[in-house]
Amino acid sequence: MFDRKALMEAVIGGDDMTAVELVNTGIAEGVAATEILNGSLIAAMDVVGDRMESGDIFLPEVLMAARAMSAGVEILKPLMSADDQESKAGVIIGTVKGDLHDIGKNLVAMLLESGGLDVTNLGVDVPPETFMEQVKERNAKIVCLSALLTTTMPMMKETINLITENGMRDQVKILVGGASVTQAYAEEIGADGYAPDAGTAARLVKSIMAG
Ligand code: B12
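Note that the structure is a prediction, hence the values are computed from the model and not measured.

## What about a negative patch on the surface?
Here's step 1: Residues Glu-129, Glu-133, Glu-137 and Glu-158 make up a contiguous surface patch of negative charge.
Here's step 2: Ranked by residues supplied to the negative patch, first place goes to helix α6 (residues 128-138) with 3 residues.
Here's step 3: Within the fold, Glu-133 resides in helix α6.
Here's step 4: According to the relative accessible area criterion, Glu-133 is partly exposed, its value standing at 44%.

## A short note on the nonpolar core
Here's step 1: The biggest cluster of nonpolar side chains holds 44 residues, and the ones touching the most others in it are Leu-7, Val-11, Leu-37, Leu-41, Leu-76, Val-91 and Leu-112.
Here's step 2: When residues of this core are sorted by domain, at least three fall in each of domain 1 (4-80) and domain 2 (90-210).
Here's step 3: Sequence-distant contacts of Val-11, that is, excluding residues within four places in its chain, are made with Ala-19, Leu-41, Ala-44, Met-45, Ala-65, Ala-68 and Met-69.
Here's step 4: The next biggest cluster of nonpolar side chains, apart from the first, holds 26 residues, and it includes Val-96, Ile-160, Leu-162 and Val-181.

## Things to note about the packing of helix α3 (residues 33-53) against helix α4 (residues 59-80)
Here's step 1: Remark: α3 packs on α4, axes separated minimally by 10 Å, with the N-to-C direction vectors making an angle of 170°. Classed by the angle they form, the pair α3 and α4 counts as roughly antiparallel. Contacts from Ala-33, Thr-34, Ile-36, Leu-37, Leu-41, Ile-42, Met-45, Val-48 and Met-52 in α3 reach Leu-59, Val-62, Ala-65, Ala-66, Met-69, Gly-72, Val-73, Leu-76, Leu-79 and Met-80 in α4.

## A word on the site of the ligand
Here's step 1: Around the ligand, the structure places 34 residues, and the nearest of them are Leu-100, His-101, Asp-102, Ser-146 and Thr-150.
Here's step 2: Take Ser-146: an N or O atom from its side chain is 2.8 Å from a nitrogen atom of the ligand.
Here's step 3: Gly-178 has a polar backbone atom sitting 3.5 Å from an oxygen atom of the ligand.
Here's step 4: At the level of elements, α3, α4, α5 (103-114), β3 (142-146), β4 (173-177) and α9 (198-210) are the ones that each hand at least two residues to the shell around the ligand.
Here's step 5: Here the shell around the ligand is composed, by residue class, of 21 nonpolar, 9 polar and 4 charged.
Here's step 6: Both domains that meet at the shell around the ligand, namely domain 1 (4-80) and domain 2 (90-210), each give it at least three residues.

## Some thoughts on the coordination of the cobalt atom of the ligand
Here's step 1: The protein gives the cobalt atom of the ligand a lone donor atom, His-101 (NE2), placed 2.3 Å from the metal.
Here's step 2: For His-101, the location among the structural elements is in the loop between β1 (90-95) and α5.

## A look at the pattern of salt bridges
Here's step 1: Taken as a whole and assessed by the stated rule, the structure comprises 2 salt bridges.
Here's step 2: A salt bridge links Asp-192 to Arg-169, with the nearest nitrogen and oxygen atoms 2.8 Å apart. Placement of the pair is Asp-192 in the loop between α8 (183-188) and β5 (193-194) and Arg-169 in the loop between α7 (154-165) and β4, with a sequence separation of 23 residues.

What counts and how
Residues numbered from 1 in each chain as written. Predicted model: local features only at pLDDT ≥ 70, side-chain atom pairs only at ≥ 80, totals over all residues. Heavy atoms only, no water. Patch = residues over 30% accessible without salt bridge, like charges linked within 9 Å, V, L, I, M, F, W, Y side chains within 5 Å. Areas by Shrake-Rupley, 256 points an atom, 1.4 Å probe, with all protein chains shown as cover. Salt bridge = Lys/Arg side-chain N within 4 Å of Asp/Glu carboxyl O. Lys, Arg positive; Asp, Glu negative; His and termini not counted. Charge placed at Lys NZ, Arg CZ, Asp CG, Glu CD. Helix = DSSP H or I, 4+ residues; strand = E, 2+ residues; numbered from the N terminus. Buried < 20%, exposed > 50% of the residue type's maximum accessible area, 1.4 Å probe, protein only. Core = buried A, V, L, I, M, F, W, Y, C linked by side-chain atoms within 4.5 Å. Domains from an automatic or database assignment. Contact = heavy atoms within 4.5 Å. Axes fitted to C-alpha atoms, helices over the stretch in contact; angles between N-to-C directions. Parallel < 35°, antiparallel > 145°, perpendicular 65-115°, else oblique. Near = heavy atom within 4 Å. Polar contact = N/O pair within 3.5 Å; in protein donor to acceptor, adjacent residues only side chain to side chain. Nonpolar A, V, L, I, M, F, W, Y, C, P; charged D, E, K, R; others polar. Donors = N, O, S within 2.8 Å, 3.2 Å for Na, K, Ca; no water.

Below, the structure written as structure tokens:
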């Protein structure tokens, strides 16, 4: 029987082998991929975040939990991908310069891909110049910037500024997100949108594409 709590514990404890096994059990039993993702994997990272904040666990444990989570996500990925790729449109996504957090950004990328969009994932620590060059090269319609650190959030503004300076601001919609980012901050730096989670981000992108 798929055990939601056991999967959470495996991720929290950084036990990637058990996490993989339990995700596979869930799939075999017909549990929806989104339920495994939201109900166990993301829920586990919330607990990890709380424990890190309260000083109960430290970076090595957090990193191991992140690895276990990613191992689970890798299995779910193909299950969440839609077959029809007709509505392809260019989305560029990356974590801004100086920031190495990529779990949330990858979840957003995954959900966008599963919605049939053509997503270019630039990875982490992406300088404003690279975002700008990619917008040009791929004729992208949407740029998604992720930042988890208050110290790297200003890099979102720098990226927007560079795109503006190069005369390409009108051609793209820029969305921002990440744990510390807020709607107010998005407005302050002149972004076109913000979403607190991957599901909302995917809906936002779809509504932009539609209209
Ligand atoms: C895992 C983690 C790490 C891992 C990252 C592993 C990896 N591959 O990503 C490691 C161990 C490497 C790490 C390192 C550090 N971390 Co860290 N880390 C975390 C932790 C525990 C969880 C982050 C996470 O993955 N959450 C789960 C995902 C699913 O959530 P999410 O990222 O928020 O993404 C969701 C939404 O925000 C949104 N979203 C995300 N991106 C985007 C983009 C767009 C466009 C949109 C629309 C939406 C969107 O959708 C996502 C899915 O729903 C947080 C704690 C927390 N509460 O967030 C700290 C935290 C972010 N880290 C923190 C710190 C301080 C650091 C370090 C500086 C620690 C150090 N002293 O070295 C380093 C910095 C390294 C660097 N240069 O980036 C602080 C940041 C404090 C701050 N306000 O600046 C936090 C908040 C912990 C804390 N309270 O101290 N960390």
